[in-house]
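Survey of secondary and tertiary structure
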Amino acid sequence: MGKYVITKRSNGEFQFNLKADNGQVILASEGYVAKSSCENGIESVRKNSPDDARYEKKTSSNGKFFFSLKATNGQIIGSSEMYESTSGRDNGIESVKKNGPTGTVDDQTV
């Protein structure tokens, strides 16, 4: 089962990474000033990750592929790593869809 890992950045902001069973980061959040906002971001991933329409597939300027997961209001909740192929990116989306709704939370800030 995947898990959400909450950490604190050097600037004091909180962030979470959704990790797959193998420990690989499949979705990374933005920085949040408040821990409660970070936890709300996790809940938003749980709610929105099963919905195909919430994923925006993109290509970076260097030709690599990635995706963003968006909330119903259009705000980006998290983004993926860079992938060499569209199939890699699509597998990443499937992994977020699988692990997002049920991932446990590992709070490493306490």
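Residues numbered from 1 in each chain as written. Predicted model: local features only at pLDDT ≥ 70, side-chain atom pairs only at ≥ 80, totals over all residues. Heavy atoms only, no water.

Under an unreviewed UniProt entry, the name given to the protein is YegP family protein, and the source organism is Dyadobacter subterraneus.

1. As for the nonpolar core
Proteins that are soluble and globular tend to have nonpolar side chains buried together. One finds Phe 16, Leu 18, Leu 27, Val 45, Phe 67 and Val 96 to be the most contacted residues of the largest nonpolar core, which totals 20 residues. Within the residue set of this core, elements represented by two or more residues are β1 (3-8), β2 (14-19), β3 (25-29), α1 (35-48), β5 (65-70) and α2 (86-99). (Core = buried A, V, L, I, M, F, W, Y, C linked by side-chain atoms within 4.5 Å. Buried < 20%, exposed > 50% of the residue type's maximum accessible area, 1.4 Å probe, protein only. Helix = DSSP H or I, 4+ residues; strand = E, 2+ residues; numbered from the N terminus.)

2. A look at the UniProt feature "domain: DUF1508" (unreviewed entry) in the protein
The UniProt feature table records "domain: DUF1508" (unreviewed entry) at residues 10-56 and 61-107. Helix makes up 30% of residues 10-56 and strand 28%, with an end-to-end C-alpha separation of 29 Å. End C-alpha to end C-alpha, residues 61-107 measures 34 Å, and it is 30% helix and 30% strand. (UniProt positions renumbered as here; feature names shortened; annotations may be inferred.)

3. Re the pattern of salt bridges
Under the counting rule described, the total for this entry stands at 12 salt bridges. Close ionic contact of Asp 21 with Lys 98 constitutes a salt bridge, the shortest N to O distance being 3.5 Å. Pair noted here: Asp 21 is in the loop between β2 and β3 and Lys 98 is in helix α2, with a separation of 77 residues, a long-range link. Exposure remark for Lys 98: the relative accessible area of 55% places this residue in the exposed category. When the shortest N-O distance is used, the salt bridge between Glu 94 and Lys 97 registers 3.5 Å. In this pair, Glu 94 and Lys 97 both sit in helix α2, three residues apart, roughly one turn of the helix. A relative accessible area of 45% means that Glu 94 is categorised as partly exposed. (Salt bridge = Lys/Arg side-chain N within 4 Å of Asp/Glu carboxyl O.)

4. Notes on the sheet that holds β5
Taken together, the seven strands give an open sheet; going across it, the order is β4-β5-β6-β3-β2-β1-β7, and neighbouring strands pair in mixed fashion. For this open sheet the edge positions go to β4 (55-59) and β7 (104-107), each flanked by a neighbour on one side alone. Averaged over neighbouring strand pairs, the angle between their axes works out to 25° when direction is ignored. The strands touched by α2 are β2, β3, β4 and β5; relative to β4, the strand with the most contacts, the crossing angle is about 155°. (Pairing = 2+ DSSP bridges. Axes fitted to C-alpha atoms, helices over the stretch in contact; angles between N-to-C directions. Contact = heavy atoms within 4.5 Å.)

5. What to know about the side chain of Gln 15
Note that Gln 15 resides in strand β2. Judged by relative accessible area, Gln 15 falls into the buried class, the value being 15%. Setting aside anything within four residues of it in sequence, one finds Gln 15 in contact with Val 5, Ile 6, Thr 7, Arg 9, Ser 29, Glu 30 and Cys 38.

6. Some details on α2
Residues spaced three or four apart along an α-helix face the same direction, because each turn holds 3.6 residues. Given a rise of 1.5 Å per residue, 14 residues ought to cover 20 Å, and the 20 Å separating the end C-alpha atoms of α2 matches this to within 8%. Of the positions making up α2, those classed as buried are Gly 88, Arg 89, Gly 92, Ile 93, Ser 95, Val 96 and Asn 99. Down the axis of α2, the smallest arc covering the buried residues is 160°, so these residues share one side. Pointing more than 90 degrees away from the buried face of α2 are the exposed residues Asn 91 and Lys 98. In the core, the buried residues of α2 are packed alongside β2, β3, β4 and β5. (Expected span 1.5 Å × (residues − 1). Arc of directions from axis to C-beta.)

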